[in-house]
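Commentary on secondary and tertiary structure
In case you want the letters, here they are:
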Number of protein chains: 2
Amino acid sequence: MSKLRFSVTMSLDGYVAGPNQSLKDPLGVGGEALHGWAVELAAFQEVHGKKGGVVNASSAIMQEMFENVGAVIMGRGMFGGGPGPWPPDWKGWWGKNPPFHMPVFVLTHHPREALPMGGGTTFHFVTDGIESALSKAREAAAGKDVLIGGGASAIQQFLAAGLVDEVNLSVVPLLLGGGERLLDNLGDSAPHFEQMRVVEGPGVVHLRYRVAR
Amino acid sequence: MSKLRFSVTMSLDGYVAGPNQSLKDPLGVGGEALHGWAVELAAFQEVHGKKGGVVNASSAIMQEMFENVGAVIMGRGMFGGGPGPWPPDWKGWWGKNPPFHMPVFVLTHHPREALPMGGGTTFHFVTDGIESALSKAREAAAGKDVLIGGGASAIQQFLAAGLVDEVNLSVVPLLLGGGERLLDNLGDSAPHFEQMRVVEGPGVVHLRYRVAR
């Protein structure tokens, strides 16, 4: 069955981005370091069209992230371009050949034509809420899973609505002290997490949970 | 060498106690559930003078907690009795035979005579700050480790001062949504954590870190 899931890296104090996010620091001050465990992997380098990198216990986690995924949903902040109406030239952070290679649905308040990129990625802009985005993404995924790419706010909305089936949290021993905290703002509708699997990688631990509505 | 360390259970959203702590809910609403993994263990039942309980991958973590520990430090909130001057009859949460069996140093602003209890536990009340408490605890521990029992505020003070050597975080898949967050308020002096070991238990993952100053 098609699952809605996400797989993100979180600091030990719960942040998925550091404080003071900007064009220069899209992941906030210190946030880049969250992804050190991933960037050093051969699987990551390959996805980004490069060679080299290492293979270790984290490699399987990186590979599973996009395994059987047919569509991606992300928040406006993750797509970038600042808040408010779209800057005409903004096409996301990922260049001409984004690493998704599938339809990506961007949550936004500002309508925009679909944006086809190289390598099979097309960005679609959804202005009528998370349930609409999920419905469109599920249709595009044609039975495969839908991955919420991020950021924290998008993930929180899907969690609070009880729509998420499975979660991977890659926890790194960083203390960012501020920024975007992943598991906040769930109100009284926090879903129930059930621990499925733990994988220890170098400098990171990967925690997989099933989410019950 | 004598280490300063702590071993606490944290919800996935970072809390070591839930919201609205009270005499009825000393760990806050929902906070009791943090320790389900521990309470079911034979090692826990034995420490509290009872029989029964299970043995699993978490048992070693529970045993390590007090292994080679010669003294405990805890905050006023963990000892209890409410804020302000001491209620004359308050002797802590643990009854006549507390499960420590060693000197315990309680951080407080309110002086009080040392309080000897059954089974080798004596509570000492320290009013001149964390470094003084650590110095007294180290002397009492006579070369063994010193354990910070909690709560969050006491742990944060020792972390921010760069005095902690080793940490065990037992992370359970609860979302408490409020309460006492462990890794907050470290300011710009957040220490560097290095992942040492990961142990998967049923419904809990035990993360051990070395802390660098």
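Placed above this text is the structure.
Just so you know, these numbers come straight off a predicted model, no measurement behind them.

Across its full length, chain A carries six helices and eleven strands. Against the 2.2 N^0.38 benchmark of 17 Å for 213 residues, chain A shows a C-alpha radius of gyration of 16 Å, consistent with a compact globule. On the principal axes, the C-alpha backbone points of chain A span a range of 40 × 40 × 35 Å. Of all 213 residues assigned to chain A, the portion counted as buried reaches 51%. Taking the intrachain contacts of chain A between residues at least 6 apart in sequence as the baseline, contacts between residues at least 24 apart amount to 64%. Of the roughly 9600 Å² of accessible surface on chain A, a fraction of 55% belongs to carbon and sulfur atoms. For chain A, the separation between the mean place of its 17 positive charges and that of its 20 negative charges on side chains is 5 Å.

Before going further, it helps to spend a moment on the relation of the copies chain B and chain A. At an RMSD of 0.0 Å, chain B and chain A line up after a rotation of 180° and a shift of 0.0 Å along the axis. Such values leave the two copies arranged in the relation of a two-fold axis. Residues of chain B ranked by C-alpha distance from the rotation axis are headed by Gly14(B), positioned 3.4 Å from it. The overlap is high: 100% of the interface residues of chain B also sit at the interface in chain A, so the same surface is used on both sides.

This paragraph deals with unusual backbone geometry. Note on backbone geometry: most residues besides glycine have negative phi, and most peptide bonds are trans. Residue Gly150(A) is joined to Gly151(A) through a cis peptide bond whose omega torsion reads -5°. Even without glycine at this site, Asn20(B) takes up a positive phi of about 60°. Along the chain, Asn20(B) falls in the loop between strand S2 (15-17) and helix H1 (36-39).

Right, let's talk about the interface of chain B and chain A for a bit. Contact with chain B, which involves 26 residues of that partner, is made by 26 residues of chain A. The contact between chain B and chain A buries some 2000 Å² in all, and 61% of this surface belongs to carbon and sulfur atoms. Looking only at chain B, the three residues that lose the most surface to chain A are Leu12(B), Leu175(B) and Gln195(B), adding up to 30% of its buried area. Put simply, chain B and chain A have two salt bridges between them. We note a salt bridge from Asp184(A) to Arg181(B), for which the minimum N-O separation is 2.8 Å. Elements with a contribution of two residues or more to the side of chain B that touches chain A: strand S8 (166-172), strand S10 (192-201) and strand S11 (204-212) of chain B. Element by element, the count of residues in the side of chain B that touches chain A is highest for S10(B), at seven residues. Of the residues in the side of chain B that touches chain A, the class split is 18 nonpolar, three polar and five charged.

Another point: the pattern of salt bridges. Inspection of every chain in the model, using the stated rule, returns 18 salt bridges over all chains. Close ionic contact of Arg210(B) with Glu194(B) constitutes a salt bridge, the shortest N to O distance being 2.9 Å. Residue Arg210(B) is found in strand S11, and its partner Glu194(B) is found in strand S10; the two are separated by 16 residues along the sequence. Take Arg210(B): its relative accessible area is 38%, and that puts it in the partly exposed class. Its relative accessible area of 39% is what places Glu194(B) among the partly exposed residues. Beyond isolated ion pairs, a larger network of salt bridges with shared partners links Lys3(A), Glu64(A), Glu166(A), Arg197(A) and Arg208(A).

Looking now at the sheet that holds strand S3 (residues 69-75) of chain B. Residues and elements named next belong to chain B. If you trace the nine strands from one edge of the open sheet to the other, you get S5-S6-S4-S3-S7-S1-S8-S11-S10, paired in mixed fashion. Since the sheet does not close on itself, it has two edges, and those belong to strand S5 (115-116) and S10, each with one partner. As paired strands, S5 and strand S6 (residues 122-126) are joined by two bridges and run antiparallel to one another. Across the sheet, Leu115 pairs through a bridge with Phe123, a residue of S6. This element, helix H5 (residues 130-141), spans strand S1 (4-11), S3, strand S4 (103-107), S6 and strand S7 (145-150) of the sheet and lies at about 155° to S3. Relative to S7, helix H6 (residues 152-160) is tilted by about 135°, and along the sheet it contacts S1, S3, S4, S7 and S10.

Take the pairing of S8(B) next. Residues and elements named next belong to chain B. Taken across its seven residues, S8 has seven buried, putting it largely inside the fold. Here S8 shows two buried faces, one formed by Glu166, Asn168, Ser170 and Val172 and the other by Val167, Leu169 and Val171. Sheet topology note: the S1/S8 ladder contains seven bridges and is parallel. When the bridges of S8 are listed, Phe6 appears paired with Val167.

Residues and elements named next belong to chain A. You can see Gly151 is positioned in the loop between strand S7 (145-150) and helix H6 (152-160). For the pair Gly151 and Gln195, spaced 44 residues apart in the sequence, the C-alpha separation amounts to 22 Å. Apart from residues lying up to four places away in sequence, Gly151 is in contact with Gly75 and Met78.

Before going further, it helps to examine the pairing of strand S10 (residues 192-201) of chain A. All names here are of chain A. Pairing geometry for S10 and strand S11 (residues 204-212), over nine bridges, is antiparallel. Note on S11: the bridge partner recorded for Gln195 is Tyr209. In sequence, S10 turns back onto S11 through a hairpin of two residues, with Gly203 there showing a positive phi of about 70°.

About the criteria used
Residues numbered from 1 in each chain as written. Chains lettered and ligands numbered in written order. Predicted model: local features only at pLDDT ≥ 70, side-chain atom pairs only at ≥ 80, totals over all residues. Heavy atoms only, no water. Helix = DSSP H or I, 4+ residues; strand = E, 2+ residues; numbered from the N terminus. Rg over C-alpha atoms; globule rule 2.2 N^0.38 Å. Buried < 20%, exposed > 50% of the residue type's maximum accessible area, 1.4 Å probe, protein only. Contact = heavy atoms within 4.5 Å. Areas by Shrake-Rupley, 256 points an atom, 1.4 Å probe, with all protein chains shown as cover. Lys, Arg positive; Asp, Glu negative; His and termini not counted. Charge placed at Lys NZ, Arg CZ, Asp CG, Glu CD. Least-squares fit on C-alpha atoms with pLDDT ≥ 70 in both. Buried area = accessible area lost by both parts, 1.4 Å probe. Salt bridge = Lys/Arg side-chain N within 4 Å of Asp/Glu carboxyl O. Nonpolar A, V, L, I, M, F, W, Y, C, P; charged D, E, K, R; others polar. Pairing = 2+ DSSP bridges. Axes fitted to C-alpha atoms, helices over the stretch in contact; angles between N-to-C directions.

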